[in-house]
Amino acid sequence: MLELRGVSKVYGAGPAEVHAMRGVDLSVRGGELVAVMGPSGSGKSTLLTIAGTLEEPTSGEVLIGDRDVAGMSRNDRARLRRRSIGYVFQDFNLIPGLSAVENVALPLELDGVRVKAARAAALEALARLDLAERAERFPDELSGGESQRVAIARAVVGERHLLLADEPTGALDSVNGEAVMRLLRSACRDGVAGVVVTHDAQLASWADRVVFLRDGRVVDQTATRPGPESLLAPGAKP
Amino acid sequence: MSVRYALLALLSEGSKYGLQLRQEFEDRTGDAWPLNVGQVYTTLQRLERDGLVESDGSDGPQNVFSITPEGAEELTAWLRTPPDVVPPPRNELVIKVLVGTRVPGVDVPELLQLHRRRMVEAMQDYTHLKGEMSRDDVELGLVVDSELFRIEAIVRWLDAADARLKKLPPPNRGVTGPRRRRIRLGVR
Ligand SMILES: Nc1ncnc2c1ncn2[C@@H]1O[C@H](COP(=O)(O)OP(=O)(O)OP(=O)(O)O)[C@@H](O)[C@H]1O
Ligand SMILES: [Mg+2]
């Protein structure tokens, strides 16, 4: 579903040059949730903005659903972003003049879904995040954690194929963080490809695979897990 | 150790047979803490000897146990006693990393990453279990959460070690060089 091939990203030039990504290969299947972990400045957000076609790589290829993003027109790319990619930004990015439910419904409406249907879908997404009662509030009337969950509802609403989330639980306590990860995971179980960036190991551990980034390079990743049967076997002490 | 308090807790709900105690103990600790019949009976005998539990004196499996007022008092006191926070005698990982910085040819960031990956894999297993289990299974959830927080602390320590070791000058392996300050670990 998502494939990065030898992706590099250089910001600036000359002495101010920053190599944010250096030859990253990453492939995420539909149905798979991948977590990207790494210290601050290791290139996690850069990876996500490139995967979300919000920025172009300096070199390398980005394929989404087998299509090379570089070969797409601006319009096609914009449509892809609107329709297929759900994006949770590190700083939520809610639109201040719109209520919570309007924020969530916006991508659907932009995509031609009728206002009533978009609103119903948005309310349902908010309800799944326990926010039904906050639907009519504006972003400045929401707590940090509530804003974050609205941003997540906006990302999962509609028919997404790719979900990209940048520290989606930064402002959340562990109960709400867990609810968000359960939601992302269940979206992926339904066939969506998901990438979640975090430096929180507990959240990363919801993923099928964890990729470790360091200085713009993938340095390691977890092996596919055999299953937890052995964990609580007799003799294993809690 | 706390098996005795778990048994006291079960008896605080009412009198019970030994076998019943074992079954209930396992039910509540989510099978995470298996114990055998022998353990239950020896613990009960000690509790009886200490006057914290009394039995009706019947034979074998017919024997019914009850908690005494002293037992109830002891249980309440135990619940409110903070757990031991003194570090374990040796923290294996800390020692490995300290030793690793001194062994020629060891890539310490790589060593840290290896342990980080293993820890995250262990967390994935527990989280998977959490994802599969029923949300009503509060008791198993508590056990799993505690394991997750414990392992997460190790990952965070690895991250902190990574950042700290960046500041370490290249190791001084000669006989010259200043003596490093000795570090006392929390050895009991
Ligand atoms: N627009 C930009 N212009 C110049 N440099 C940038 C830009 N965006 C990111 N960088 C640099 O690229 C590197 C990687 O940044 P990135 O935001 O991807 O890190 P990150 O892993 O997401 O960190 P954090 O955990 O702090 O969010 C950093 O050194 C950063 O300063
Ligand atoms: Mg970032």
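Given the structure is predicted, the values throughout are model-derived calculations rather than measurements.

Conventions and cut-offs
- Residues numbered from 1 in each chain as written.
- Chains lettered and ligands numbered in written order.
- Predicted model: local features only at pLDDT ≥ 70, side-chain atom pairs only at ≥ 80, totals over all residues.
- Heavy atoms only, no water.
- Axes fitted to C-alpha atoms, helices over the stretch in contact; angles between N-to-C directions.
- Helix = DSSP H or I, 4+ residues; strand = E, 2+ residues; numbered from the N terminus.
- Parallel < 35°, antiparallel > 145°, perpendicular 65-115°, else oblique.
- Left-handed = near helix turned anticlockwise from the far one by under 90°.
- Contact = heavy atoms within 4.5 Å.
- Nonpolar A, V, L, I, M, F, W, Y, C, P; charged D, E, K, R; others polar.
- Pairing = 2+ DSSP bridges.
- Near = heavy atom within 4 Å.
- Polar contact = N/O pair within 3.5 Å; in protein donor to acceptor, adjacent residues only side chain to side chain.
- Areas by Shrake-Rupley, 256 points an atom, 1.4 Å probe, with all protein chains shown as cover.
- Expected span 1.5 Å × (residues − 1).
- Buried < 20%, exposed > 50% of the residue type's maximum accessible area, 1.4 Å probe, protein only.
- pLDDT = per-residue confidence, 0-100.

(A) A look at the packing of helix α3 (residues 100–110) of chain A against helix α5 (residues 144–156) of chain A. Residue and element names in this part refer to chain A. Viewed as axis vectors pointing N to C, α3 and α5 meet at an angle of 25°, and their least axial separation amounts to 8 Å. With respect to α5, the element α3 is oriented roughly parallel. Handedness of the α3/α5 crossing: right-handed. Where α3 abuts α5, its residues Ala 100, Asn 103, Val 104 and Pro 107 lie against Val 150, Ala 153 and Arg 154. Of the residues contributing to the contact of α3 with α5, the split by class is five nonpolar, one polar and one charged.

(B) Inspection of the sheet that holds strand β8 (residues 193–197) of chain A at higher detail. Strands sit in the order β6-β7-β8-β3-β9-β10 (chain A) across an open sheet of six strands; the sheet is mixed. Two strands bound the open sheet, and with one partner strand each, they are β6 (85–88) and β10 (217–221) of chain A. Mean inter-strand twist for the sheet, computed between neighbouring axes without regard to direction, equals 20°. As paired elements, β6 of chain A and strand β7 (residues 162–166) of chain A share four bridges and run parallel to each other. Across the sheet, Ile 85 of chain A pairs through a bridge with Leu 162 of chain A, a residue of β7 of chain A. Of the strands in this sheet, β3 (33–37), β9 (209–214) and β10 of chain A are in contact with helix α6 (residues 108–132) of chain B, which crosses β9 of chain A at around 155°.

(C) Representation of the site of ligand 1. All names here are of chain A. Taken together, 13 residues lie near ligand 1, and Ser 40, Gly 41, Lys 44, Ser 45 and Thr 46 sit nearest. Interatomic distance of 2.5 Å between a side-chain N/O atom of Ser 40 and an oxygen atom of ligand 1. Within the backbone of Ser 42, an N or O atom sits 3.2 Å from an oxygen atom of ligand 1. Summarising the interface, the protein chains cover 61% of the accessible area of ligand 1, which totals 630 Å² for the free molecule. Contributions of two or more residues to the shell around ligand 1 are made by β2 (18–28) and α1 (44–51). Here the element with the most residues in the shell around ligand 1 is α1; it accounts for three residues. When the residues that make up the shell around ligand 1 are grouped by side-chain class, the tally is four nonpolar, eight polar and one charged.

(D) Expanded view of helix α7 (residues 138–165) of chain B. Here α7 of chain B contains 28 residues, and its C-alpha end-to-end distance of 40 Å stays within 8% of the 40 Å for a straight helix at 1.5 Å per residue. Residues Leu 140, Gly 141, Val 143, Val 144, Glu 147, Leu 148, Ile 151, Glu 152, Val 155, Leu 158, Ala 161 and Asp 162 of chain B constitute the buried set of α7 of chain B. Packing partners of the buried residues in α7 of chain B comprise α7 (201–204) and β9 of chain A together with α5 (92–100) and α6 of chain B.

(E) View of the confidence of the model for chain A. With 94% of its residues at a pLDDT of at least 70, chain A reaches an overall mean of 88. A low-confidence stretch, residues 233–238 of chain A stays under pLDDT 50, and its non-local contacts, those more than four residues away or across chains, total seven contacts.

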